[in-house]
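The chain contents come next:
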Amino acid sequence: MEKYSACTSFLAGKLATIDGSTIIGRNEDSKSAWPKNFIVHSHSTEPKEFKSNENKFTMPLPDEAAKYTATPEWTDQYGLFEEDGINEYSVAMSATESAYTNDTVLAADPLNSGGIGEEAMVTVVLPYIKTAREGVKRLGSIIEKYGTSETNGILFSDQKEVWYMETAAGHQWVAQRIPDDHYAVVSNQLSIQEIDFDDDVNFMFNSGLKQFVAENHLNPNESGFNFREIFGKNDLSDEYYNTPRVWEGQRILNPEIKQDPVSHDLPFIRKASRLIKISDVQRILSSHYEGTPYNPAGNGSETDKHRFRPISLPATQESHILQLRPNKPNTTAGVHWLAMGVAAQSVYVPFFAGMSETPAIYQGTNKLEYDPNSAYWVFKLVSVLVDAHFKEFMPELQKVQSATNISLGNLLKEADAKSNELSGDNLTTYLNQIANQSSTIAIDAFRKLSSQLITKSTDMSPLFYKHNTDL
């Protein structure tokens, strides 16, 4: 089995957000039924080696590994795919096979069966870094040594900086710092454009990148070094699969700018017309083009409704927003917002990264089939029920989402205030309690909604017969 991961990502610097947080987020898309778990790895000082079940890639790891949150698959048969998390140093990371390149790149190290892939990146990097910049350097050095057979987009952040890194397969990679007062929306295409090789504050890259491009005659431009144009495909598939998603994110944050959703010239980085809130990021990652003719569940023509690939769709396994808040200790600075299943039909539950364990219902599935004791399936069940009668049930779902968001927001504020009075083990215990309370609020609300929707669905069968007493 090869996991196909087609995702949408978001990044914002600390001056672009309403409270000074750095934010990275992403939808992890693969299959309509492919469960995820949510766990915390404890701080470890045991020697270890990483071995991939997917492509047999192996590498030694440092003895000491920091505590970190992660969202692994329901099975490790095809790889861990931990995908996203925040470590105890308040460094966030999210990795995906998110871009497609042309066919001019060289293969990775054959001794390591294709080198490092998406499924390994968070696992071999996040526990071993203390800043976002360190994360780029560590992953970059791994790619330079072992190579990769994939093209990936990797998001890093700490409380000061946000970085976006792209690999072009083989041993080629580049990373760009998102300006503090800007944001970026990324889809399944290479996004980084002009590289300034003299600006080591805002760019990092592999040592042989310029030479590789020159020797293989890859640069189509007479001047400059546009990573997207050198390594990207930039073909017609972008016009229905990729650029519309970037257009939608920029439409939400810059409604005053008129752009074409199929344009190949959408900028990688933009400055929003207002300060960005967590709810704005949730709206972007939950979007299926509401308010436009391209909404698959809207009133547009059949052609328009199915013209573009939406951001939120049934193949989403989980959607996460990793928020690192300013002027807070590492224990409470990081908030791992997690929406299991389809973001548009789920709810983002906030978890403090300083907790030592996640609620049991988020840890517990090791099978593909529906499991009522799995958080993934609790939210996925609502999606399935709503999809069967979308126009009738979506308003009810939206009411539950709104009420649940208010309850979760109030609990988060309460926990912020209380956590300032605690420290050490007492604080960790309290954050675990808040995680369980947050989980209970969301899970109970969606279980109750499922029960109501199942009951109402019994009257909606196409075989339903109502006798006319006047006959």
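Sequence positions are assigned chain by chain, starting from 1 and proceeding in written order. Per-residue local features are limited, in this predicted model, to residues with pLDDT of at least 70; the limit for side-chain atom pairs, both in listing and counting, is 80 or more; totals at the level of whole chains, interfaces and linings are taken over all residues. Side-chain measures here rest on the full set of heavy atoms in the structure, leaving out hydrogens and waters.

## Some remarks on the overall build of the protein
Moving on, step 1. When you go through the protein residue by residue, the secondary structure sums to 13 helices and 17 strands.
Moving on, step 2. A principal-axis box enclosing the C-alpha atoms of the protein has dimensions of 85 × 55 × 45 Å.
Moving on, step 3. Only protein chains enter the accessibility calculation, which uses a 1.4 Å probe. A residue is then buried if its area is under 20% of the maximum for its type, exposed if over 50%, and partly exposed in between. Here the protein, with 471 residues, has 58% of them falling under the buried criterion.
Moving on, step 4. Contacts are assigned to residue pairs that have any heavy atoms within 4.5 Å of one another. A separation threshold of at least 6 residues defines the contact pool for the protein, and within that pool the share at least 24 residues apart is 71%.
Moving on, step 5. Here, Shrake-Rupley sampling with a 1.4 Å probe gives the accessible areas, and only protein chains in the shown set may cover a residue. Total accessible area on the protein stands at roughly 19,500 Å², and carbon and sulfur atoms take up 51% of it.
Moving on, step 6. Only four residue types enter the tally: Lys and Arg on the positive side, Asp and Glu on the negative side, with His and both chain ends excluded. Taken as the charge location is NZ of Lys, CZ of Arg, CG of Asp or CD of Glu. Once the 42 positive and 61 negative side-chain charges of the protein are each reduced to a mean point, those two points are 5 Å apart. To qualify as a helix, a DSSP run of H or I must reach at least 4 residues; to qualify as a strand, a run of E must reach at least 2; elements of each kind are numbered from the N terminus.

## As for the packing of helix H11 (residues 375-388) against helix H13 (residues 424-457)
Moving on, step 1. Throughout, an axis means a line fitted to C-alpha atoms (over the contacting stretch in the case of helices), and angles, computed between N-to-C directions, take values from 0 to 180 degrees. It is the contact of H11 with H13, at a shortest axis distance of 9 Å, that shows an interaxial angle of 35°. Regarding H11 and H13, the two cross each other, and that crossing is left-handed. On H13, the residues that touch Ala375, Val378, Phe379, Leu381, Val382, Leu385 and Val386 of H11 are Ala442, Ile443, Phe446, Arg447, Leu449, Ser450, Leu453 and Ile454. In a left-handed crossing the near helix is turned counterclockwise from the far helix by less than a right angle, and in a right-handed crossing that turn is clockwise.

## Focus on the sheet that holds strand S9 (residues 153-157)
Moving on, step 1. The strand order across the open sheet built from six strands is S7-S8-S9-S10-S11-S13, with neighbouring strands paired in antiparallel fashion. Among the strands making up the open sheet, the edge pair consists of strand S7 (84-86) and strand S13 (203-205). Ignoring which end each strand starts from, the neighbouring axes of this sheet average 15° apart.
Moving on, step 2. Strand direction decides the pairing type here: S9 and strand S10 (residues 162-167), joined by five bridges, are antiparallel. Bridge assignment links Gly153 to a residue of S10, and that residue is Glu166.
Moving on, step 3. Across the sheet, helix H1 (residues 118-125) lies against S7, strand S8 (92-96) and S9, angled at about 165° from S8, the strand it touches most.
Moving on, step 4. Sheet strands in contact with helix H2 (residues 132-146) are S8, S9, S10, strand S11 (173-177) and S13, and its direction is about 10° off that of S10. Criterion used throughout: strands pair if DSSP finds at least two bridges between them.

## Digging into the packing of aromatic side chains
Moving on, step 1. Pairing of aromatic side chains requires ring centres within 6.5 Å, counting the rings of Phe and Tyr and the six-membered ring of Trp. Pairs whose planes differ by under 30 degrees are stacked, by over 60 edge-to-face, and all others tilted. Under the criterion given, the structure shown has 21 aromatic pairs.
Moving on, step 2. Between Tyr294 and Phe308 the ring centres are 4.7 Å apart and the planes differ by 55°, which places this aromatic pair in the tilted class. Residue Tyr294 is found in the loop between helix H7 (278-285) and helix H8 (302-305), and its partner Phe308 is found in the loop between H8 and strand S15 (316-324); the two are separated by 14 residues along the sequence.
Moving on, step 3. When its relative accessible area of 7% is taken as the criterion, Phe308 is described as buried.

## What to know about the sheet that holds S15
Moving on, step 1. If you walk across this open sheet you meet the seven strands as S14-S12-S1-S2-S15-S16-S17, and the pairing is antiparallel. Two strands in the sheet have a free side with no partner beyond their single neighbour: strand S14 (269-270) and strand S17 (349-352).
Moving on, step 2. Here strand S1 (residues 8-12) pairs with strand S12 (residues 183-186) via four bridges, running antiparallel. Bridging from a neighbouring strand, Phe10 pairs with Val185 of S12.

## Some details on the pattern of salt bridges
Moving on, step 1. Counted as salt bridges are all cases of a side-chain nitrogen of Lys or Arg within 4 Å of a carboxyl oxygen of Asp or Glu. Within this structure, the stated rule accounts for 16 salt bridges.
Moving on, step 2. A salt bridge links Arg177 to Asp180; the nearest nitrogen and oxygen atoms lie 3.0 Å apart.
Moving on, step 3. Among the charged side chains, a salt-bridge network with shared partners connects Glu28, Lys36 and Glu73.

## Here we look at the environment of Ser287
Moving on, step 1. In this structure, Ser287 sits in the loop between H7 and H8.
Moving on, step 2. Not counting residues up to four positions away in its chain, the partners in contact with Ser287 are Glu248, Pro310, Ile311 and Ser312.

## As for the nonpolar core
Moving on, step 1. Counting residues in hydrophobic clusters, the biggest one holds 59 residues, and the most contacted among them are Phe10, Ile276, Tyr362, Phe379 and Phe446.
Moving on, step 2. Residue contributions to this core peak at 11 residues, all from H13.
Moving on, step 3. Apart from the residues within four sequence positions on either side, Tyr362 is in contact with Asn37, Phe38, Leu338, Met340, Val349, Phe351, Ala375, Phe379 and Ser439. Here the nonpolar core consists of buried residues drawn from Ala, Val, Leu, Ile, Met, Phe, Trp, Tyr and Cys, with membership extended through side-chain atoms lying within 4.5 Å.

Read these as spatial facts, not as claims about activity.
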